[in-house]
Amino acid sequence: MSRLVLFNKPYGVLCQFSDSRSPTPRPTLSDFIDLPGVYPAGRLDLDSEGLLLLTDDGRLQARISDPRFKTAKTYLVQIEGDPEETALDQLRRGVSLKDGPTRPAEVERIADPELWPRDPPVRFRKTVPDTWISLTIREGRNRQVRRMTAAIGHPTLRLVRWRIGDWSLDGIEPGQWRLA
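### Side note on the pattern of salt bridges
Piece 1. The full count for this structure, using the stated rule, is 16 salt bridges.
Piece 2. Notably, a salt bridge pairs Asp 47 with Arg 143, separated by 3.1 Å at the nearest N-O pair. With a gap of 96 residues between them, Asp 47 in the loop between strand E2 (39-40) and strand E3 (49-55) and Arg 143 in the loop between strand E8 (130-137) and helix H3 (144-151) connect regions that are remote in the sequence.
Piece 3. For Asp 47, a relative accessible area of 24% gives the class partly exposed.

This is the structure we're talking about:
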């Protein structure tokens, strides 16, 4: 029977079990998860938070992370500024990045979500508003969501992956995990 771990990755944690190459050790998955034989199905950047799936089943890992299977990944994204609907429409149609056009995304404005505080907190500027959006993509290029929001002129301030396929972060606190 394969195992599937749902982990709420905190900001600043590497999506690997060791950090032997760094002169200054950084937090890794081994600081939170003590289950032998499970590996991440996909990645989250050091400065991103939220749902990370780990499994001991290679086929499941490939099904979750391989773009050919088009697994939906939903992010709660705090962006700089207050985008016009035309900017959000660009995301809905797909935007051009240096490595080619993205697939169309599902995007909607959302109210500020009730999330845990981030450490360190997101930079606050009185003169620049921020907006939260829900963004669902079905591919997973390197730093894709951040590059997409930057391409429409609204850089990402905070990025929390909330859902992958049918699995959600509901009820899992930062640094905590549970078996699915």
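### Thoughts on the packing of aromatic side chains
Piece 1. The tally for this structure, following the rule as stated, stands at one aromatic pair.
Piece 2. On the numbers, 5.6 Å between centres and 50 degrees between planes, the contact of Phe 7 with Phe 32 is tilted. Of this pair, Phe 7 sits in strand E1 (residues 4-9) while Phe 32 sits in the loop between E1 and E2, placing them 25 residues apart in sequence.
Piece 3. By relative accessible area, Phe 7 is classed as buried at 0%.
Piece 4. Since its relative accessible area comes to 28%, Phe 32 is described here as partly exposed.
Piece 5. Of note, Arg 118 hangs over the ring of Tyr 11, and the distance from its end group to the ring centre comes to 4.1 Å.

Definitions and cut-offs
- Residues numbered from 1 in each chain as written.
- Predicted model: local features only at pLDDT ≥ 70, side-chain atom pairs only at ≥ 80, totals over all residues.
- Heavy atoms only, no water.
- Salt bridge = Lys/Arg side-chain N within 4 Å of Asp/Glu carboxyl O.
- Helix = DSSP H or I, 4+ residues; strand = E, 2+ residues; numbered from the N terminus.
- Buried < 20%, exposed > 50% of the residue type's maximum accessible area, 1.4 Å probe, protein only.
- Phe/Tyr/Trp six-rings, centres within 6.5 Å; stacked < 30°, edge-to-face > 60°.
- Lys NZ or Arg CZ within 6 Å of the ring centre and 35° of its normal.

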